[in-house]
Amino acid sequence: MQRLKDLEKISRQLEPATGQRKATRKKVILYGEDFLKQIETLKAYNYTTDKGIGLLDSPLTGEPIDIDEALDLLKQNVDSRGLNPASGGHLGYIPGGGIYYSALGDYLAAISNRFAGLFFASPGAVRMENMLIGWLSEILGYPGNAAGNLTSGGSIANLIAIVAARDAKRINSKNLDRSVIYLSQQAHHSVHKAIRISGLNECIPRYVELDAGYRIQADELENAIQKDKANGLNPFLIIASAGTTDVGAIDPLDKIGDIAAKHDLWLHVDAAYGGFFILTEEGKKKLAGIEKSDSICIDPHKGLFLPYGLGAVLVKDISQMKKSHYYLANYMQDALSSTDEPSPADLSPELTKHFRGLRLWLPLKLLGTKPFAACLEEKVLLAKYFYKEIQKLGFEVECEPELSIVTYRYIPKTGDPDAFNKRLTEEVQKDGRVFISSTMLNGKFILRLAILSFRTHLKTIKLTLKILKEKVEMLEGELPISDI
Ligand SMILES: *Cc1c(COP(=O)(O)O)cnc(C)c1O
């Protein structure tokens, strides 16, 4: 009894009292406010040599530190080092966001800690997540009874979809090595990971020829399927992209949808980056046919500007999703009897999970969907503006932007263009006011401008053009790189 009492006293430290909560919360909120007040001037990339190693000077021990010290460690080692995805100057990879009301949604979800995995445990939380899946289905043209899951990101969404395709098409050890997956060389690497993780690595990958805009050529796809069928192979899956990461290319979804239906193949569309452009008029036209697919991956932490931690997968036929993820456990027998609404635990590998729905529901409700659509249209126009202006500065462009990614490079008067553009990327990154990244296309070193932060506006793009001009002039003034 004495031990119990002693332990309870210490355990109760886990529940700070009202006053302690208030004091701590105030400092946390202040920290967040300071960050947001400075966001316009904070660097998009902070190049440092220490890379946040100071964190290790404060090891985890049995004893507490105070909130000021904790926030200082966070500020000095985490929030002021490396890439700043919350900055509108983040124009590399696929930029992230950080909509404020999402943070408040996460706060509330963490406080009440609803069990969002099972309808039985939290009918409200599951209903909210299903409502969001329903909204995604609606904007993407899926039927009302389509299933889906809010995942931690696009990679897991792709994995769930590819596993569903595997099980729906009964791919197993007996037919694995003669089963064919059709995809593009531009497919995101998470697709390759998903193929490996789902045990499909021994399938035959068929890379379909692309057109000049890095899109799958539908007639080449048709030919490849026919040829494989004639050779006794088992074509079962097509993976198309609605906005590739490299250049933002949208495969001809409508034609590919017809081909998949004709040959009874599963069509998965990776719309992690491009999917939400369907909220704009132009995007709707460009993504036409996406509704013909069997599954879609789409990332609210990209196209809806949410803080990291929210992707989504949609599968048109719920039974195909359940096939891979149903479970039976004796200790769950009460929960299993509830069938009112599909539960996330039946549709994903997860059981206990973060109540992710709230971080999407709250901003969508508090802001309505209109500002999101406007912000996406703004991004497309900014890409078009950059595409036009960068050519005036003497840069070469790779292909016209389909969504909000522009690929370009500078050809120096003398020396190796690849080395020059590599230096240029490094110089812009070191400068840090904006962050750009690069890729390889047809063996060439190419710069990418990916516009997707909700904080990127005309001012940011003008600044980027100015910085690029400055850096090119500086590098052109140096000796040719090959002569150094
Ligand atoms: C970002 C991205 C992914 C991976 O999504 P994560 O959320 O980073 O896991 C998959 N496909 C495409 C096209 C992407 O742009």
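Residues numbered from 1 in each chain as written. Predicted model: local features only at pLDDT ≥ 70, side-chain atom pairs only at ≥ 80, totals over all residues. Heavy atoms only, no water.

### Some points on the packing of helix H6 (residues 154–168) against helix H12 (residues 318–325)
Phase 1: Contact pair H6 / H12: the axes reach a minimum separation of 8 Å and the direction vectors enclose 95°. Here H12 runs roughly perpendicular to H6, going by the angle between their axes. Each of Ile160, Val163, Ala164, Asp167 and Ala168 in H6 lies in contact with H12, whose residues at this interface are Gln320, Met321, Lys323, Ser324 and His325.
Phase 2: Looking at side-chain class alone, the contact of H6 with H12 contains five nonpolar, three polar and two charged residues. (Axes fitted to C-alpha atoms, helices over the stretch in contact; angles between N-to-C directions. Helix = DSSP H or I, 4+ residues; strand = E, 2+ residues; numbered from the N terminus. Parallel < 35°, antiparallel > 145°, perpendicular 65-115°, else oblique. Contact = heavy atoms within 4.5 Å. Nonpolar A, V, L, I, M, F, W, Y, C, P; charged D, E, K, R; others polar.)

### Overview of the domain arrangement of the chain
The figure often quoted for interface size is the accessible area lost as the parts come together.
Phase 1: Partitioning the chain into structural domains gives domain 1 (105–367) and domain 2 (370–476).
Phase 2: Here the C-alpha centre of domain 2 lies 30 Å away from the C-alpha centre of domain 1.
Phase 3: When residues of domain 1 are sorted by the area they lose upon contact with domain 2, Tyr214, Phe277 and Phe305 head the list and together hold 30% of the total.
Phase 4: The tally of links from domain 1 across to domain 2 stands at two salt bridges. (Domains from an automatic or database assignment. Buried area = accessible area lost by both parts, 1.4 Å probe. Salt bridge = Lys/Arg side-chain N within 4 Å of Asp/Glu carboxyl O.)

### Quick notes on the sheet that holds strand S7 (residues 266–271)
Phase 1: Read from one edge to the other, the open sheet built from seven strands follows the order S3-S9-S8-S7-S6-S4-S5, with strand pairing classed as mixed. Each end of this open sheet is capped by a strand with a single partner; those strands are strand S3 (147–151) and strand S5 (204–207). Geometrically, the sheet is characterised by an average inter-axis angle of 15° between neighbouring strands, direction not taken into account.
Phase 2: Of the pairings in the sheet, the one linking S3 to strand S9 (residues 311–315) comprises five bridges and is antiparallel in character. When the sheet's bridge partners are listed, Gly148 is paired in S9 with Leu314. (Pairing = 2+ DSSP bridges.)

### Section: the nonpolar core
Phase 1: The biggest cluster of nonpolar side chains holds 63 residues, and the ones touching the most others in it are Leu136, Tyr182, Leu221, Ile238 and Ile290.
Phase 2: Per element, the largest residue contribution to this core is eight residues, and it comes from helix H5 (residues 123–140).
Phase 3: When residues are assigned to domains, this core turns out to be shared by domain 1 (105–367) and domain 2 (370–476), each giving three or more.
Phase 4: Every residue in contact with Leu136, bar those within four places of it in the chain, is listed here: Leu150, Phe276, Ile298, Ala312 and Leu314.
Phase 5: Residues Ala157, Ala187, Cys297 and Met321 belong to the second largest nonpolar core, which totals 30 residues. (Core = buried A, V, L, I, M, F, W, Y, C linked by side-chain atoms within 4.5 Å. Buried < 20%, exposed > 50% of the residue type's maximum accessible area, 1.4 Å probe, protein only.)

### Regarding the site of the ligand
Phase 1: Looking at the ligand, there are 15 residues lining it, with Gly154, Ser155, Asp270, Asp299 and Lys302 nearest.
Phase 2: Within the contact set of the ligand, an oxygen atom lies 2.7 Å away from a side-chain nitrogen or oxygen of His301.
Phase 3: Sorting the residues of the shell around the ligand by element identifies H6 and helix H11 (300–303) as the ones contributing at least two each.
Phase 4: The biggest single contributor to the shell around the ligand is H6, with three residues.
Phase 5: Along the lines of polarity and charge, the residues of the shell around the ligand split into three nonpolar, nine polar and three charged. (Near = heavy atom within 4 Å. Polar contact = N/O pair within 3.5 Å; in protein donor to acceptor, adjacent residues only side chain to side chain.)

### A short note on the pairing of S9
Phase 1: With five of five residues buried, S9 lies mostly within the body of the structure.
Phase 2: What you see with S9 is no split at all: Gly311, Val313 and Val315 on one side and Ala312 and Leu314 on the other are buried throughout.
Phase 3: In this sheet, S9 lies alongside strand S8 (residues 295–298) in antiparallel orientation, the contact comprising four bridges. In the sheet register, Ile298 faces S9, and the bridge partner there is Ala312.

### Description of the environment of Asp211
Phase 1: On the secondary structure map, Asp211 appears in the loop between S5 and helix H8 (218–230).
Phase 2: Through-space distance from the C-alpha of Asp211 to that of Lys193 is 25 Å; in sequence the pair is 18 residues apart.

### Some remarks on the packing of aromatic side chains
Phase 1: Applying the stated criterion across every chain yields a total of 11 aromatic pairs.
Phase 2: Ring geometry for Phe305 and Phe372: centres 6.3 Å apart, planes at 5°, overall stacked. Separated by 67 residues along the polypeptide, Phe305 in the loop between H11 and S9 and Phe372 in helix H16 (residues 370–392) bring together distant segments of the chain.
Phase 3: Residue Phe305 is classed as buried on the basis of its relative accessible area, which comes to 1%. (Phe/Tyr/Trp six-rings, centres within 6.5 Å; stacked < 30°, edge-to-face > 60°.)

### Observations concerning the pattern of salt bridges
Phase 1: Tallied over the entire structure, the rule returns 33 salt bridges.
Phase 2: Its salt-bridge partner being Arg215, residue Asp211 comes within 3.0 Å of it at the nearest N-O pair.
Phase 3: Members of the salt-bridge network, linked through shared partners, are Asp431, Arg433, Lys466, Glu470 and Lys471.

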